[in-house]
Amino acid sequence: MTTVDPAPPPPMRLRELVFGAACAAAVRAAVRLGVPDALDDSPMTVDDLATEVKTQPHTLRRLLRALTCQGVFAENPDGTFEHTEMSRLLREDDPHSLRYIALWCTEPWTWNVWPLLDEAVRSGRNVFEDVYDREFFTYLNDSAPESAHVFNRAMTTSSEQSARDVALLLDLDEASSVVDIGGGQGHVLAGLLEKHPHLHGTLLDLPGVVENADPRLRRDGALAGRVEVVAGDCREDVPVRADVYLIKNVLEWDDDSTRRVLANVRAVARPGARVVVIENLVDDTPSMRFTTAMDLLLLLNVGGAKHTRQSMVDRLTGAGLVIGEIRPVNAYLHAFECTVPG
């Protein structure tokens, strides 16, 4: 039975950290092999699991041993394995599944850019284009369709899981219209429209994104009569007037793109309009290990950054917005409530 020291001494902890890639690769392998889905409510032997996922039993046991040390799966005294709270999150059918987020963070391109982090820190720019000779999203859409699919599923998962929290947080009783800028497939917007039957909404995102919009927002969908789906790039234009502008996990590109998005909102918004910016922070949050890791990945692939509370405030005030409340949405998101001055 696998055991692990809950508090290793510093030399061993450092050894564990530098082998962190092995842990990430093990999670990815388990997902791609289908282990979390094959293991249901009853414990299973390695031989039975290996038959289900078509692997060698002795190498599958080595994979499971590495994961149980991290709390992903558990080994019983009789040698069978069962789910833990973490391993269930890797199942396709779990309502809080992180399956595609786990795959996204371990996509093949990530293994090629992480070793160049020192160069990204030195230069202050992304290194993705040095490796792949093209911009990140161009590469995904043109040359890596499987990775693009994983990215879209991961973003969908993230939006679905945060949509309820956003809907609970925002008071839109006095608003008549809301636009979700860079809103992906529109899960957050759909949640807001369902909560507020009087509200009209607009979803703005790239053509390849909105063509796969939430079925509730499409023609003949449950919310179709109260929504407009607009294909466009918010860095180039925000062609919508609304009472509330929602910008969630968008202002993490390079600074120039962030300035352009906010300037486009200012150019179209009426005085008194609300601008609600929702972002992960790398300070003032209980999810620092996650957000700081994502911050470094953004540096590598697009030259972007997750924000501190102050850096977000600086960008919003620099765009001429007046900041009101700053509130946590959940354990990993904060909302900045702003208004457009008269």
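Notes on the structure in this doc start here. (Residues numbered from 1 in each chain as written. Predicted model: local features only at pLDDT ≥ 70, side-chain atom pairs only at ≥ 80, totals over all residues. Heavy atoms only, no water.)

**What about the overall build of the protein chain?**
What counts here: Numbering of helices and strands runs from the N terminus; a helix is a DSSP stretch of H or I covering at least four residues, while a strand is a stretch of E covering at least two. The size measure is the radius of gyration over C-alpha atoms, and the globule rule it meets is 2.2 Å times the number of residues to the 0.38 power. Classification of residues uses two cut-offs on accessible area relative to the type maximum, computed with a 1.4 Å probe and protein chains only: under 20% is buried, over 50% is exposed, and between them is partly exposed. Neither His nor the chain termini are counted; the positive set is Lys and Arg, and the negative set is Asp and Glu. Where a charge sits is defined by one atom per residue type, namely NZ (Lys), CZ (Arg), CG (Asp) or CD (Glu).
Scanning the protein chain for helices and strands turns up 17 helices and nine strands. Over its C-alpha atoms the protein chain spans a radius of gyration of 22 Å, differing by no more than 12% from the 20 Å that the globule rule assigns to 342 residues. Within the protein chain, the proportion of its 342 residues that are buried is 47%. When the 34 basic and 51 acidic side-chain charges of the protein chain are each reduced to a single mean position, those positions are 1 Å apart.

**Concerning the sheet that holds strand β5 (residues 227-231)**
The strands that make up a sheet pair up through hydrogen bonds in the backbone, lying either parallel or antiparallel. Which entries qualify depends on this criterion: Here, any two strands with at least 2 DSSP bridges between them count as paired. Here the axes come from fitting lines to C-alpha atoms, over the contacting stretch only for helices, and the angles between their N-to-C directions go from 0 to 180 degrees. Contact criterion: two residues are considered in contact whenever any of their non-hydrogen atoms come within 4.5 Å of each other.
Taken in spatial order, the seven strands make up an open sheet running β5-β4-β3-β6-β7-β9-β8, and their pairing is mixed. Only two strands of the sheet have a single neighbouring strand rather than two, namely β5 and β8 (322-328). Adjacent strand axes in the sheet meet at a mean angle of 20° when their direction is disregarded. The pairing of strand β3 (residues 177-181) with strand β6 (residues 244-248) spans four bridges and is classified as parallel. Along β6, the bridge assignment pairs I181 with I247. Relative to strand β4 (residues 200-205), helix α13 (residues 187-195) is tilted by about 180°, and along the sheet it contacts β3, β4, β5 and β6.

**Things to note about the nonpolar core**
Note the following rule: Among the buried residues, those of types Ala, Val, Leu, Ile, Met, Phe, Trp, Tyr and Cys that are joined through side-chain atoms within 4.5 Å form a nonpolar core.
L60 and W109 are the most contacted members of the largest nonpolar core, which has 44 residues in total. Among residues more than four places away in sequence, those in contact with W109 are W104, F128, Y132, F136, Y139, S147, L297 and N301. Residues Y245, L251, L281 and F336 belong to the second largest nonpolar core, which totals 29 residues.

**Side note on unusual backbone geometry**
Positioned with a positive phi, F73 is a non-glycine residue whose angle comes to about 75°. Of note in the backbone geometry, D220 takes a positive phi value of approximately 75° without being a glycine. Among the residues examined, D220 registers a relative accessible area of 76% and is labelled exposed.

**Some words on the packing of helix α11 (residues 136-143) against helix α12 (residues 145-169)**
For clarity, the cut-off: Throughout, the term roughly parallel applies to angles under 35 degrees, roughly antiparallel to angles over 145, roughly perpendicular to angles from 65 to 115, and oblique to all others. By convention the crossing between two helices is left-handed if the near helix lies anticlockwise of the far one by an angle smaller than a right angle, and right-handed if it lies clockwise. Any residue that is not Ala, Val, Leu, Ile, Met, Phe, Trp, Tyr, Cys, Pro, Asp, Glu, Lys or Arg is counted as polar, Gly included; the first ten are nonpolar and the last four charged.
Their axes nearest at 6 Å, the elements α11 and α12 cross at an angle of 115°. Between α11 and α12, the angle falls in the class roughly perpendicular. Between α11 and α12 the crossing geometry is left-handed. Only P145, S147, A148 and F151 of α12 make contact with α11, whose side of the interface consists of F137, L140, N141 and S143. For the contact of α11 with α12, the class distribution of residues is five nonpolar, three polar and no charged.

**Remarks on the pattern of salt bridges**
A side chain with one charge may pair with a side chain of the opposite charge, provided their charged atoms come close. As a reminder of what qualifies: A pair is scored as a salt bridge if a Lys or Arg side-chain nitrogen falls within 4 Å of a carboxyl oxygen belonging to Asp or Glu.
Evaluation of the coordinates by the stated rule reveals 22 salt bridges. The partner of D255 in a salt bridge is R315, and the shortest N-O contact between them spans 3.1 Å. Remark: R315 occurs in helix α17 (residues 309-318) and D255 occurs in helix α15 (residues 255-268); sequence separation between them is 60 residues. Look at D255 and you get partly exposed, because its relative accessible area is 37%. The closest approach of N and O atoms between R274 and E337, which form a salt bridge, is 2.9 Å. In this pair, R274 sits in strand β7 (residues 274-279) while E337 sits in strand β9 (residues 334-339), placing the two residues 63 residues apart along the sequence. Owing to a relative accessible area of 13%, E337 belongs among the buried residues under this scheme.

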